[in-house]
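So you can see what is in the structure, the chains are spelled out below.
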Amino acid sequence: MSRIAAAVVVCDDGLLVPPEATPLVVEIDGHYVWSLTPLRDGRPVSGGVRVPWPDALLPHLGGRGRVRITDAAGAAVLYDDEVRLGSGDGALAVVDRSGHRLSVDKVGHLARSFSATDASVRDEILAGTRRAIDDLSEHAGVAAYLNYGALLGAVREGRMLAHDSDTDLCYLSAHTSPADIVLESYRITRALRSRGWRVLRMSGGDVKLLLPLSDGRVCHIDVFAAFHVGGTFFQLGNRSGDLPRESIVPFSTVTLHGHEFPAPRDPEAMLAFLYGPRWRTPDPSFRYADPPAGVRRLDGWLRGFRTEMGRWTELHTGPRRRAVPRGPSGFATWVAPQLGSLPVADLGTGTGRDALWFASSGRRVTALDFSRGSLAVVRRRARRCGVAVDVDQLILGELRSTLLQGARLARDPHHLHARHLVGCLDAAALDQLWLLARMALRPGGGRLFLEFAAGDPTPSDGLVRRTPVDAVRRAIEASGGVVEHLTTGPGEDMFDLPDPAVCRIRAAWPIPKETS
Amino acid sequence: MTTTDLARRVRDRIREREPLRERVRQLETEVQENRQLNRRIAELTDVVTELLIPLEARDQDRVDEVLARFRAGL
């Protein structure tokens, strides 16, 4: 049965819908794009509940097209009409650059859901997931089980959920100390890399395996640690609560589209743990309600080194990158005459504007950044410009990364150039910058050249925050450095827009004199 | 007791607890700092266990190989 309700309004600001506690499904141009629960996601206003569009959809909401809003089962139609959103006159459609349909997943990101995936590609995903389980078992020594949406789909519907977009695996660690769980995850990463997987580390306890598909897309297979600490069960993403080992091992088996997978011994108990007692009722707008104490523990134990990585990658892969000038910064032109013959490592290279400029005069240059988006941009630009730049990842905040780059630069002395890096780092990452400088510069006599926005940080600071000059000077000196030059005055921010207070520092790390 | 007295007493009680709230906030921050040591310990242990054996053997070729492999496996 269908009904058209006059109470629903679709506009640029979002939706005005009836004040209901059950999920609604939004389609644009005949394709699923988003699911919401009005009373949870919106605020009451005259005439109903106003639910804003999710941020991820906003860039796609310009043009004319058909919007349809139904209940979760698609039986009751609340709205079905042509609309014009934004200022565009083109067709309203939520698609990627290749035209693939996208929808908002349960953590608010745009992803391609299984409802928009061909059966043959779905088989590739399931076969890849099976291969990941086998590699984890045979080469990493951990037994993984299917979990989250794929498990829910298998148990409740006997197929992949239409609105799901990836597969998730978990392994139950035998360890009960978070440090051991992180170490185990490091070993797993090495084992999977040696099996040819591309692996992205998301925290100390979870990684993403990148599975290339024949339609050009890359599917993410999440590999999450699960473990017990002090009687509480933790499972990454962010889950925590009561679930005994006996509910998970020994495994049972589920079948998805002809592929067999290991599953928790008691799949229903796992699904109730994940999705609550009403897990048998479909709710595409489901959101986790994780205990805050558990999230705090997981954040403290396992996270912290990539808090802003996503925002930087967004900048480097999106239109805002074009606002960063291509030519050298004023700072780089100030640094260049002081370099002598040593090569330069550009820390936090960003778009690589300075690294490429240093390299264009024949100088050996290493461009380092924590964002893979940045590294891809620099590699591409270096290739196009025909200049040689050694591009590599440096994650200040992950000590292994800092120590390795420090050891490498100690054996192959460089100057260090870091423009507007200081303001991007938290306290732990800043400490590692000074550690890196000490390791890299003591043996070869190179210098650290720093430029940063000076002053106290304010809530209006963006990705690059102000940093007090005295704090930087004290930290350099505490780590054995000597500030040779320090000026503060008008300068430019990362977009070369005027900034009234920019600090420039040149520092050295002399070898300490023998005291005995 | 008048309503005004009662209100004053409640206000005083709330004020008395302010330092306690601040102390809890500080303790939570300190606990979180300690939790963060888990990852630091794991990172150090990983580096040491992967590199110590070839270093102990003074096998430079092996050290180079392990360093390259370690970097690739981060």
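Residues numbered from 1 in each chain as written. Chains lettered and ligands numbered in written order. Predicted model: local features only at pLDDT ≥ 70, side-chain atom pairs only at ≥ 80, totals over all residues. Heavy atoms only, no water.

Chemist: Hey, could you run me through the interface of chain B and chain A in this one?
Modeler: One frequent convention defines the size of an interface as the accessible area lost when the parts assemble. Contacts between the two partners involve 23 residues from chain B and, on the opposite side, 29 residues from chain A. Across the chain B to chain A interface the summed buried area is about 2,400 Å²; carbon plus sulfur atoms make up 56%. Summed over the three residues of chain B that lose the most area to chain A, namely Arg35, Arg39 and Leu74 of chain B, the buried surface amounts to 29% of that side. At the boundary of chain B and chain A, one finds three salt bridges. Here Asp46 of chain B ties to Arg400 of chain A by a salt bridge, and the two come within 2.6 Å at their closest N and O atoms. Counting every contact that joins chain B to chain A gives eight residue pairs in polar contact (both at pLDDT 80 or more). Counting only elements with at least two residues in the side of chain B that touches chain A, the list comes to α1 (3–56) and α2 (60–72) of chain B. Tallying contributions element by element places α1 of chain B first for the side of chain B that touches chain A, with 15 residues. (Contact = heavy atoms within 4.5 Å. Buried area = accessible area lost by both parts, 1.4 Å probe. Salt bridge = Lys/Arg side-chain N within 4 Å of Asp/Glu carboxyl O. Polar contact = N/O pair within 3.5 Å; in protein donor to acceptor, adjacent residues only side chain to side chain. Helix = DSSP H or I, 4+ residues; strand = E, 2+ residues; numbered from the N terminus.)

Chemist: Just checking my understanding: could you explain the side chain of Glu398 of chain A for this structure?
Modeler: Looking at the secondary structure, you find Glu398 of chain A in the loop between β22 (390–393) and α11 (399–411). Sequence-distant contacts of Glu398 of chain A, defined by excluding residues within four places in its chain, comprise Tyr186, Arg201, Phe305 and Gln432 of chain A together with Arg39 and Glu43 of chain B.

Chemist: How do you make sense of the sheet that holds strand β6 (residues 48–52) of chain A when you look at a structure like this?
Modeler: In a beta sheet, neighbouring strands are held together by backbone hydrogen bonds and run either parallel or antiparallel to one another. All names here are of chain A. What the four strands build is an open sheet, ordered β1-β2-β6-β5; its pairing is antiparallel. Bordering the open sheet on either side are β1 (9–11) and β5 (43–45), each of which pairs with just one other strand. Across the sheet, the mean angle separating the axes of adjacent strands is 25° when strand polarity is ignored. Pairing of β1 with strand β2 (residues 14–17), which is carried by three bridges, proceeds in the antiparallel orientation. Its bridge partner being in β2, Val10 is matched across the sheet by Leu15. (Pairing = 2+ DSSP bridges. Axes fitted to C-alpha atoms, helices over the stretch in contact; angles between N-to-C directions.)

Chemist: Even after reading the chapter, I still don't get the sheet that holds strand β24 (residues 447–453) of chain A, so can you show me in this structure?
Modeler: All names here are of chain A. Read from one edge to the other, the open sheet built from seven strands follows the order β22-β21-β20-β23-β24-β26-β25, with strand pairing classed as mixed. Two strands bound the open sheet, and with one partner strand each, they are β22 and β25 (482–492). Neighbour-to-neighbour, the strand axes of the sheet open up by a mean angle of 15°, direction not taken into account. Pairing between strand β23 (residues 415–419) and β24: four bridges, direction parallel. Paired with Ala418 across the bridge in β24 is Leu450. Sitting on the sheet, helix α10 (residues 372–385) touches β21 (365–369) and β22, and the angle it makes with β22 is about 175°.

Chemist: Looking at this structure, how should I read the pairing of strand β14 (residues 206–212) of chain A?
Modeler: Where a strand is regular, its side chains alternate between the two sheet faces. Residues and elements named next belong to chain A. Of all seven residues in β14, six are buried, a share of seventy percent or more. Pairing of strand β13 (residues 198–203) with β14, which is carried by five bridges, proceeds in the antiparallel orientation. Residue Val199 lies in a different strand from β14, and its bridge partner there is Leu209. Counted along the chain from β13 to the antiparallel partner β14, the turn is two residues long. Pairing of β14 with strand β15 (residues 218–229) involves seven bridges; the strand directions are antiparallel. (Buried < 20%, exposed > 50% of the residue type's maximum accessible area, 1.4 Å probe, protein only.)

Chemist: I tried to follow the packing of aromatic side chains on my own but got confused; where do I start?
Modeler: Each pair of aromatic rings is reported with the distance of its centres and the angle of its planes. Residue and element names in this part refer to chain A. Here the structure, examined in full by the defined rule, presents 14 aromatic pairs over all chains. With 5.6 Å between their ring centres and 20° between their planes, Phe227 and Phe234 make a pair best called stacked. Look at Phe234 and you get buried, because its relative accessible area is 2%. Within the aromatic cluster, the residues linked to one another by ring pairs are Tyr148, Phe224, Tyr275, Phe286 and Tyr288. Stacked on the ring of Trp197, the Lys or Arg Arg131 has its end atom at 4.2 Å from the ring centre. In this structure, Arg239 packs its charged tip against the face of Tyr288, placed 3.5 Å from the ring centre. (Phe/Tyr/Trp six-rings, centres within 6.5 Å; stacked < 30°, edge-to-face > 60°. Lys NZ or Arg CZ within 6 Å of the ring centre and 35° of its normal.)

Chemist: What is the right way to look at the nonpolar core in this model?
Modeler: All names here are of chain A. In terms of nonpolar packing, the biggest core is built from 63 residues, with Leu209, Phe227, Phe233, Met270 and Tyr275 touching the most fellow members. With sequence-adjacent residues up to four places away left out, Phe227 is seen in contact with Leu172, Ser173, His175, Ile181, Thr232, Phe233, Phe234, Leu298, Trp301 and Leu302. Residues Leu421, Leu425, Leu448 and Ile476 belong to the second largest nonpolar core, which totals 31 residues. (Core = buried A, V, L, I, M, F, W, Y, C linked by side-chain atoms within 4.5 Å.)

Chemist: Can you walk me through the pattern of salt bridges in this structure?
Modeler: As a working rule, side chains carrying opposite charge can pair if their charged atoms are close by. Residues and elements named next belong to chain A. As enumerated under the stated definition, the model contains 36 salt bridges over all chains in all. One salt bridge in this structure joins Glu157 and Arg159, with 3.3 Å as the shortest N-O distance. One salt bridge in this structure joins Arg303 and Asp299, with 2.8 Å as the shortest N-O distance. Overlapping salt bridges bring together Glu27, Arg66, Arg68, Asp80 and Glu82 as one network.

Chemist: What should I look at first to understand the domain arrangement of chain A in this one?
Modeler: Annotation of chain A at the domain level lists domain 1 (9–111), domain 2 (117–302) and domain 3 (309–508). The C-alpha centroid of domain 3 of chain A is placed 37 Å from the C-alpha centroid of domain 2 of chain A. (Domains from an automatic or database assignment.)

Chemist: I keep staring at the side chain of Thr37 of chain A and nothing clicks. Help me out?
Modeler: Residue and element names in this part refer to chain A. Tracing the chain through its elements places Thr37 in the loop between β4 (31–36) and α1 (38–41). Residue Thr37 is classed as buried on the basis of its relative accessible area, which comes to 7%. Residues contacting Thr37, with those up to four places away along its chain left out, are Glu20, Ala21, Thr22, Pro23, Asp283 and Ser285.

Chemist: Would you take a moment to explain the packing of helix α3 (residues 148–157) of chain A against helix α5 (residues 267–275) of chain A for this structure?
Modeler: The packing of two helices is summarised by the inter-axis angle and the distance between the axes. Residue and element names in this part refer to chain A. Between α3 and α5, whose axes approach to 11 Å, the crossing angle comes to 130°. Here α5 runs oblique to α3, going by the angle between their axes. Crossing handedness for the pair α3 and α5: left-handed. Contacts from Tyr148, Gly149, Leu151, Leu152 and Val155 of α3 reach α5 at Pro267, Glu268, Met270, Leu271, Leu274 and Tyr275. (Parallel < 35°, antiparallel > 145°, perpendicular 65-115°, else oblique. Left-handed = near helix turned anticlockwise from the far one by under 90°.)

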